[in-house]
Amino acid sequence: MPHNQRVRVRFAPSPTGPLHIGGVRTALYNYLFARKHGGDFLLRIEDTDSQRYVPGSEEYIIESLKWCGINVDEGVGADADGPYAPYRQSERKDIYLRYAMQLVDSGNAYFAFDTAEDLNTLRKEKESGGETFSYDASVRNSLVNSLSLPASEVDERIKGGDNWVIRFKMPENEEVMMTDLIRGDMTVNTSTLDDKVLFKSADGLPTYHLANIVDDHLMEISHVIRGEEWLPSLPLHYLLYKALGWEGSRPEFAHLPLLLKPQGQGKLSKRDGDKLGFPVFPLLWKAPDGDISSGYREAGYFPEAFVNMLALLGWNPGTEQEIFTMEELVEAFSLDRVGKAGARFNPDKARWFNAHYLHEKSDEELAELFLPVLKDNGVDIPVDSAAKAVGLIKERATFVGDMWELTRFMFFAPEEYDEKALKKSWNEGEKVRLEALAGTLREIESFDDAGAEERVRQWIAASGNPIGKVMNVWRIAVLGTNQGPNIFAISAFIGKDETLKRIDRALLTL
RNA sequence: GGUCCAUUCGUCUAGUGGUUAGGACGUCAGGUUUUCAUCCUGGUAACAGGGGUUCGAUUCCCCUAUGGACUACCA
């Protein structure tokens, strides 16, 4: 392990919009790894692309992590300033140029003056001939750069204010051997690589490649855990560590498999938004242009369900356990149990996780969450009363938001009656049955009395009415439908008067 | 096109040189329930294809196919 024994990992998103669930999973795995090894989890903002910067992204990222219970130890969003501040790359500008110059001085990089237009023209020319243009050893000497130009002209151009970039001078025909904690050993020949830009002229900022390596080194990162899309640039990063003389303290790398769309092709991307019928973002996102994308939080997911679901998308504990608290995840997590292949996101399973967590919560806890929903629907009741209602229906809910439709009949008499139910179980014979039941109910002092339900059952048995028929017609009269929870419990909840009122009304109007 | 990575039920996955290839979601059936849902039980369903290596390959190797990523002065 590099530097020291301490595990230090970072999540380093760029603020180009909301974090999607793939990004959240990367953050989660980093966090779990850090906790598991008693290390640090840092949040660094990689805002080196001034063009793509989207205001609000950073706040969104911080809030998302917070909602998930992923606590940042150091960096942006941490409680206190860390020892390696600042943690926003735009605030570290000066650092990068210094290292870029070090690379130029050591012959590992060079100035290039080619304009974007010139390069585009070259690219098009090559492509029309069926070839691909690559800024590499085969062409670098014939392009406009400090390798091809006399030193005096290079100086003049720089002093004269010409636009320049710094490019990495990719070694020729060298095998780069790399190790990935998830994929094992890999070898790539440098001849297939090009001279990547390390420092841009456009905004005076480094590219990802340089900034990333410099910051990881300076911040003493021990493990880089990131998405698989970075795998192709791993050789470049290895070479950069070597060129900067940091080979001995190079972090270890782990490239996570991608999250794929539920159906169709390709990786899950930010643009998918709500087209797929489920959120791709942890929280609701309002884009600066007004576009709104839904989030798991607003869709009613519990953070623990969301995190649990995400953790198992690409990682497994090797046991048959599927339900994990964050603490249990920390305990069980290891990089060698992360899969290699991309995982297709499954919305059904996500719902199942949420239902599971919802069913595990106490009636009181759910009632607290449900109270605002009730209020929105014009129902203002104390929390213990809400808890009773919740207790009757929670088994059939997946989200707290589902609970309103499931409980509305406890607060409002039905205005319509389900036609299928009426067809099946509402006729003159059933009405007689219901009237007889009403008579019995009327004799009961209060439905809350102990033994009240037993009295009704005794009457049913004694009267010779089939219990199913009685319950069914009772349910239709009170709820307007032939399905739902225990009808006696509901009648007790709404009370004797309301129950009889609804029965009378049904008998009269139907 | 080039480079790299991957491939077990529809989906997430476990697993081994010899297993009835296991679990979960979904789905189907049955049970419980006054009904629905929950819950329980059971069923369905997979080693991409072709060559090797081997007494024996899902497992090891090669090829093909398929999927994916990357191929910007984006990350």
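Look up a bit, the structure's there.
Residues numbered from 1 in each chain as written. Chains lettered and ligands numbered in written order. Predicted model: local features only at pLDDT ≥ 70, side-chain atom pairs only at ≥ 80, totals over all residues. Heavy atoms only, no water.

Any chance you could break down the protein's contact with RNA strand B for me, citing the residues and the numbers?
Taken together, 56 residues sit near RNA strand B, with K200, E322, R396, M471 and G484 positioned nearest. Close to the protein, within 4 Å, the atoms of RNA strand B are drawn from sugar and phosphate at a rate of 74%. A distance of 3.0 Å separates a base oxygen of RNA strand B from a polar atom in the backbone of A202. With respect to RNA strand B, the side chain of N316 contributes an N or O atom lying 2.6 Å from a phosphate oxygen. Among the secondary structure elements, those contributing two or more residues to the surface near RNA strand B are strand 5 (165–168), strand 7 (184–189), strand 14 (343–344), helix 11 (347–360) and helix 18 (467–479). Classifying every residue of the surface near RNA strand B by side-chain character gives 20 nonpolar, 16 polar and 20 charged. (Near = heavy atom within 4 Å. Polar contact = N/O pair within 3.5 Å; in protein donor to acceptor, adjacent residues only side chain to side chain. Helix = DSSP H or I, 4+ residues; strand = E, 2+ residues; numbered from the N terminus. Nonpolar A, V, L, I, M, F, W, Y, C, P; charged D, E, K, R; others polar.)

How would you summarise the sheet that holds strand 5 if you had to cite specific residues and measurements?
Strand order across the open sheet formed by three strands is 4-5-8, with antiparallel pairing between neighbours. Two strands in the sheet have a free side with no partner beyond their single neighbour: strand 4 (109–112) and strand 8 (197–199). Between one strand axis and the next, the sheet turns through 45° on average, direction left out of account. In the packing of helix 3 (residues 93–105) onto the sheet, the strands contacted are strand 4, strand 5 and strand 8, and the crossing angle to strand 4 comes to about 105°. (Pairing = 2+ DSSP bridges. Axes fitted to C-alpha atoms, helices over the stretch in contact; angles between N-to-C directions. Contact = heavy atoms within 4.5 Å.)

Go over the environment of E419, please, and point to the residues and values.
Tracing the chain through its elements places E419 in helix 15 (residues 419–425). Along the backbone, E419 and T481 are 62 residues apart, and their C-alpha atoms lie at a distance of 8.4 Å.

Just give me the short version of the layout of surface pockets, but keep the residues and values in it.
Taken as a whole, the second largest pocket spans an internal volume of roughly 450 Å³. Taken together, 16 residues make up the lining of the second largest pocket; nearest its centre are E405, R408, F409, L479 and T481. Residues belonging to the lining of the second largest pocket are distributed by class as follows: eight nonpolar, three polar and five charged. (1 Å grid on protein atoms, 1.4 Å probe; cavity = no way out; pocket = protein on both sides within 12 Å on 5 of 7 lines; lining within 4 Å. Points joined across faces, edges and corners; volume = space filled by probe spheres on them.)

Residue-level account of the pattern of salt bridges, with values.
One pass over the full model with this rule turns up 34 salt bridges. When the shortest N-O distance is used, the salt bridge between E498 and R502 registers 2.7 Å. Within this pair, E498 and its partner R502 are both found in helix 20 (residues 496–509), separated by four residues, close to a single helical turn. R502 sits in the buried class, given a relative accessible area of 4%. (Salt bridge = Lys/Arg side-chain N within 4 Å of Asp/Glu carboxyl O. Buried < 20%, exposed > 50% of the residue type's maximum accessible area, 1.4 Å probe, protein only.)

So what's going on with unusual backbone geometry? Which residues, and what values?
Cis geometry is found at the peptide bond from A85 to P86, where omega equals -5°. By the secondary structure assignment, P86 is in the loop between strand 3 (74–75) and helix 3. Of note in the backbone geometry, N173 takes a positive phi value of approximately 45° without being a glycine. Mapped onto the secondary structure, N173 falls in the loop between strand 5 and strand 6 (175–180).

Hey, could you go over the side chain of S64 for me, with residue numbers and the actual values?
By secondary structure assignment, the location of S64 is in helix 2 (residues 57–68). Sequence-distant contacts of S64, that is, excluding residues within four places in its chain, are made with L19, P282 and L283.

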